[in-house]
Amino acid sequence: MSLWAGLLLLLLALATPVAVEAKVEHLLPVPQRVEALGGAPVDLAGGVRFATAPCERIAHAFALLLEVENRPEAATVVTIRMVDSIEGAYDYPLAGYPQEAYRLVVDDGITIEAVDEVGVIHAVQTLAQLAEGWDDGVRRLERCIITDWPAFKLRGYMHDVGRSFIGYETLRRQLLLFARFKVNTFHFHLTENQAWRFEVQRYPQLTDSGTMTRFAGKYYTQEQCRELDELAWCCGITIIPEIDMPGHSDAFERAMGHPMQTSQGVAELKNILDEVAATFVHAPYIHIGADETAITYPNFLRTMTGYIHGLGKRVVVWNPISGVTITANTGVDMTQMWSTAGRMVAGLPNIDCRYNYVNHFDVFADLAGIYRSNIYYADRGDAELAGTVTAVWNDRYITTEEGIMRQNNVYANVLASAERAWRGGGNQYIEQGGALLPTAGDEYDAFADWERRFLFHKAHSLRDEPIPYVKQSHVHWQITDAFANGGNADAVFPPETEDLATSYTFDGDTYATSHAVGAGIYLRHTWGAVVPAFFADPQLNTTAYAWTYVYSPCRQQAGALVEFQNYSRSEKDLTPPNGHWDWRGSRLWLNDEEILPPDWDNEGQTITNEMPLGNENFTARPPLIVQLEQGWNKVFLKLPYVNTPGVRLNKWMFTLVLTDTAGRDALDLVYSPRRHASQQESPVCYTDSGRIVVSGAEGVDVMLYDLMGRLVDTQRSLYGPVIFNPPAAGTYVVQVGDRKPCKVEFRK
């Protein structure tokens, strides 16, 4: 078999998810300390036997998460020890959140040590991940010792079910899945202008379908809420129910006939809070919102916080609150920072939710930005920084549960944020680090490793969930400086008329090109200069170009996930005319043949929040089917940046990655901005920013030689390009395995 025939078979295999035994290397989040013990894996086919009967909560955790039977005759013995401390573990005070550290030993049996029951549950969550994906269906565990604890004690997911209803069974499944990844908080936003979703037995009119403007008649009974509360508690998740007051309360007013900020409204809210507290018995907090409306009723905030305290619960509010300066003496117990205006309040625990509104995220770049970012400038939590919550708000109507989850890329976003919160760190806050994936280095490697592990779980425990995210760390682009276009999006510049190059001269000025990595690239971010993007100072009325070459080992059809304007799920942006990708005039060519967009569902329509979002985003439509030729395929993008009618947030961006024809998994192809002349056998080598970059050599040793044949350096990359930093300018030779060597002219 020829080299390329063998490679073709390998690529075809990699394009199809296969069952792979779970190992410690697949754990998400990555534990703080791991030691592999070796030896045959521990077999769970015969169930487990507890050395001492566990409490009911832990027994339920084993049954719900590990799905293993307790059998008196089982060979695998589980020993649980409650201890005073776990050596090396970090902790800090946060009311309602006990210490989570655990030590897990999988050897001849299973031994778990923890300070609190929730630490035992975390160990079970780790076991559940280790047990998945075995080819023969038998659940086994790799032998190991894990000592683990979170850097941040609150790692959450918020869903606004008032606007975007998710059914009880779906929520139940989500809680079980998120628990596997140590998400420990579900912020249950139950009330909104569109609908009131919590059954109040004293006021049944609140959940009458006639009071709802979206998903009419859909709500949660108190019995369902109690069951979710119990399930979450057994899985190590704290539910924080939110009854928004006094704002976001149009549904309340329609049902009750008067505003909340009246004597009658306040009395009714107290009765409602009685039922909320009695339903969510394990919830240490009740969230009352309090944002985005002026508080006019005398002592409204003090009245409500005092009443909740009398119910034995603590109070969370959004931060900032209109017209209120929150302090440690305001009567609230925790704040949830939102938008750039949210700032930490001294003397209180604060949740960082400022840039974690996934309704404004694209699928690829924003996720990378949140993963790279630390949490509110800190490596780990403390008494004033509780953690982070990933929030799903849909001001715009999306008609199905699957659409809500897919268009917001919920699973990938929540699990990227949850790993950062568990592991801690992050080199910079997103206001400094931005939403751009580094082209190489430690941050790139860390993200590519998270991506590898996430995609393992997408193929296993998350295989039935609507997840649009695919591998992006192998996608490389070259992007030009922006040419001034005078407001004419059709203006033509040298990259359209000349050979692709590393720089261009136009009207006496030199325009350079730069390297970028990722399936989604912001040239200007949604939030403008607040979140750095590819261009440090993007200017209107300019045009940039981007390109890459994609090597296909055979002629084949592929899916293309393409976007030039990600439509926020909270905006009323106008759909472009048919035949246009966006209002800016962006265009796409594959092998010099222009690729046109699909027909748009909402073309020509006046957009309101209640008009269902259509197929504007790639997450809501099938992938484009494109033809790849054997060898190198040229992908070329024209990217004007001009004023866009009917679009509030003037972001500048593009998304492109090639997948299987279903759009589920990225094809394992080589993307290189430089097409090498010896494409049949040579690696793809080029210089970039004072380095030598070698693409398409993942998982093998790459050697760099000088012209005298002396070895200069050896590198290996599992997830992306190999980067060399030669000591001096000159001619170098790159050798990848037994492939034809590649010569590179390097200049410092």
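Keep in mind the model is a prediction, meaning the values are calculated, not measured.

This part covers the overall build of the protein chain. Across its full length, the protein chain holds 14 helices and 36 strands. Radius of gyration (C-alpha) of the protein chain: 27 Å, near the 27 Å computed for a compact globule of 748 residues. When the backbone C-alpha atoms are referred to their principal axes, the protein chain occupies close to 80 × 65 × 40 Å. In the protein chain, 75% of the contacts between residues at least 6 apart in sequence involve partners at least 24 apart. Of the roughly 27,200 Å² of accessible surface on the protein chain, 48% is carried by carbon and sulfur atoms.

Sheet architecture is open: four strands sit in the order E33-E32-E35-E36, paired in antiparallel fashion. Here the strands that pair on one side only, and so sit at the sheet edges, are strand E33 (711-715) and strand E36 (742-746). Each strand axis lies, on average, 25° off the axis of its neighbour in the sheet, ignoring direction. Pairing of strand E32 (residues 702-706) with E33 involves four bridges; the strand directions are antiparallel.

Summed over the entire model, instances satisfying the criterion amount to 28 salt bridges. Note that Lys-638 is salt-bridged to Glu-496, the shortest N-O span being 2.9 Å. Of this pair, Lys-638 sits in strand E27 (residues 631-641) while Glu-496 sits in helix H14 (residues 494-497); the two residues are 142 residues apart in sequence, bridging distant segments of the chain. Between Glu-629 and Arg-555 there is a salt bridge, with the nearest N and O atoms lying 3.0 Å from each other. In this pair, Glu-629 is assigned in the loop between strand E26 (624-628) and E27 and Arg-555 in the loop between strand E22 (542-552) and strand E23 (556-563), connecting sequence segments 74 residues apart. What makes Glu-629 partly exposed here is its relative accessible area of 32%. One salt-bridge network, in which partners are shared between bridges, spans Glu-25, Glu-419, Asp-449, Arg-452 and Arg-453.

Let us look at the sheet that holds strand E10 (residues 185-189). On the basis of which strands lie adjacent, the closed barrel formed by eight strands has the order E9-E10-E11-E12-E13-E14-E15-E16 and parallel pairing. This sheet shows a mean twist of 30° between the axes of neighbouring strands, independent of strand direction. Of the strand pairs in this sheet, strand E14 (residues 334-337) and strand E15 (residues 350-352) are connected by three bridges, and their pairing is parallel. Along E15, the bridge assignment pairs Gln-336 with Ile-351.

Another point: the packing of helix H4 (residues 168-180) against helix H5 (residues 222-234). The geometry of H4 relative to H5 is characterised by a closest axis approach of 10 Å and an angle of 10° between their N-to-C directions. The orientation of H4 relative to H5 falls into the category roughly parallel. Of the residues in H5, those touching H4 at Tyr-168, Leu-171, Arg-172, Leu-175 and Leu-176 are Gln-224, Glu-227, Leu-228, Leu-231 and Ala-232.

A few words now on the packing of aromatic side chains. Any pair of aromatic rings gets described here by the distance separating the centres and the angle formed by the planes. A complete count under the given rule lists 42 aromatic pairs for this structure. Relative to Phe-654, the ring of Trp-477 lies with its centre 5.1 Å away and its plane at 80°, an arrangement referred to as edge-to-face. Of this pair, Trp-477 sits in strand E17 (residues 476-480) while Phe-654 sits in strand E28 (residues 652-659), placing them 177 residues apart in sequence. Look at Trp-477 and you get buried, because its relative accessible area is 0%. The structure contains a cluster of three or more aromatic residues connected by ring pairs, namely Tyr-157, Phe-165, Phe-178, Phe-186, Phe-188, Phe-198, Tyr-220, Phe-280 and Tyr-411. Over the ring of Tyr-90 we find Arg-380, and its NZ or CZ is 3.8 Å from the ring centre. Above the plane of the ring of Phe-636 lies Lys-634, whose end atom (NZ or CZ) is 5.5 Å from the centre.

The element strand E16 (residues 385-392) is extensively covered by neighbouring structure, given that eight of its eight residues are classed as buried. Of the pairings in the sheet, the one linking strand E9 (residues 154-160) to E16 comprises six bridges and is parallel in character. Of the residues in E16, the one forming a bridge with His-159 is Val-392. Pairing geometry for E15 and E16, over three bridges, is parallel. What sits directly across from Asp-352, in E16, is Thr-388. For the segment spanning E15, helix H9 (residues 365-372) and E16, crossover handedness is right-handed.

Once that is clear, we can look at the pairing of strand E12 (residues 285-289). Burial within E12 is extensive, with five of its five residues counted as buried. Along E12, one buried face is formed by Tyr-285, His-287 and Gly-289 and the opposite face, lined by Ile-286 and Ile-288, is buried too. As paired elements, strand E11 (residues 238-245) and E12 share two bridges and run parallel to each other. The residue of E12 that forms the bridge with Met-245 is Gly-289. Of the strand pairs in this sheet, E12 and strand E13 (residues 314-319) are connected by three bridges, and their pairing is parallel. Across the sheet, His-287 pairs through a bridge with Val-316, a residue of E13. Between the parallel pair E12 and E13, the chain is carried across by helix H8 (residues 300-310), and the sense of this crossover is right-handed.

Procedures and definitions
- Residues numbered from 1 in each chain as written.
- Predicted model: local features only at pLDDT ≥ 70, side-chain atom pairs only at ≥ 80, totals over all residues.
- Heavy atoms only, no water.
- Helix = DSSP H or I, 4+ residues; strand = E, 2+ residues; numbered from the N terminus.
- Rg over C-alpha atoms; globule rule 2.2 N^0.38 Å.
- Contact = heavy atoms within 4.5 Å.
- Areas by Shrake-Rupley, 256 points an atom, 1.4 Å probe, with all protein chains shown as cover.
- Pairing = 2+ DSSP bridges.
- Axes fitted to C-alpha atoms, helices over the stretch in contact; angles between N-to-C directions.
- Salt bridge = Lys/Arg side-chain N within 4 Å of Asp/Glu carboxyl O.
- Buried < 20%, exposed > 50% of the residue type's maximum accessible area, 1.4 Å probe, protein only.
- Parallel < 35°, antiparallel > 145°, perpendicular 65-115°, else oblique.
- Phe/Tyr/Trp six-rings, centres within 6.5 Å; stacked < 30°, edge-to-face > 60°.
- Lys NZ or Arg CZ within 6 Å of the ring centre and 35° of its normal.
- Right-handed = clockwise from strand over helix to strand, strands pointing away.

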